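Chain residues, written in single-letter form:
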Amino acid sequence: MSTSEPAASRPPEDRATPDRLLHARTGTDVSPEDLVLASGKDLTPHTIEWAKRKLAAEGPAALEKLLP
């Protein structure tokens, strides 16, 4: 017996992810850690300080600028 899913139940490889799943909601709490991770950087004291400054200057919209 095969453990793989039948081809009909798998999503197609070229199916795009809906925008509502890609973007954060502006106005929600955004932590410096969220911003660092969204930028693709490692969590270090230096990058967390960078994120704090960026959030202070741009607010939660800073996260939107980093996301696709």
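As the structure is a prediction and not an experimental result, all values here were calculated from the model.

## A word on the environment of Glu64
Part 1 of the reasoning: Turning to its location among the elements, Glu64 is positioned in helix α4 (residues 61–66).
Part 2 of the reasoning: Separated by 29 residues in sequence, Glu64 and Leu35 place their C-alpha atoms 9.4 Å apart.

## Considering the confidence of the model for the chain
Part 1 of the reasoning: In the predicted model, the chain carries a mean pLDDT of 78, and 62% of its residues have values of at least 70.
Part 2 of the reasoning: Per-element confidence in the chain is highest for helix α3 (residues 45–58), whose mean pLDDT is 96, and lowest for helix α1 (residues 19–22), whose mean pLDDT is 61.

## Considerations on the nonpolar core
Part 1 of the reasoning: Core analysis: the largest hydrophobic core is formed by eight residues, namely Val30, Leu35, Val36, Ile48, Ala51, Leu55, Ala62 and Leu63.
Part 2 of the reasoning: When residues of this core are traced back to their parent elements, those giving at least two are α2 (32–38), α3 and α4.
Part 3 of the reasoning: At three residues, the largest contribution of residues to this core is made by α3.
Part 4 of the reasoning: Excluding residues within four positions of it along the chain, Ile48 makes contact with Pro32, Glu33, Val36 and Leu43.

What counts as what
Residues numbered from 1 in each chain as written. Predicted model: local features only at pLDDT ≥ 70, side-chain atom pairs only at ≥ 80, totals over all residues. Heavy atoms only, no water. Helix = DSSP H or I, 4+ residues; strand = E, 2+ residues; numbered from the N terminus. pLDDT = per-residue confidence, 0-100. Core = buried A, V, L, I, M, F, W, Y, C linked by side-chain atoms within 4.5 Å. Buried < 20%, exposed > 50% of the residue type's maximum accessible area, 1.4 Å probe, protein only. Contact = heavy atoms within 4.5 Å.

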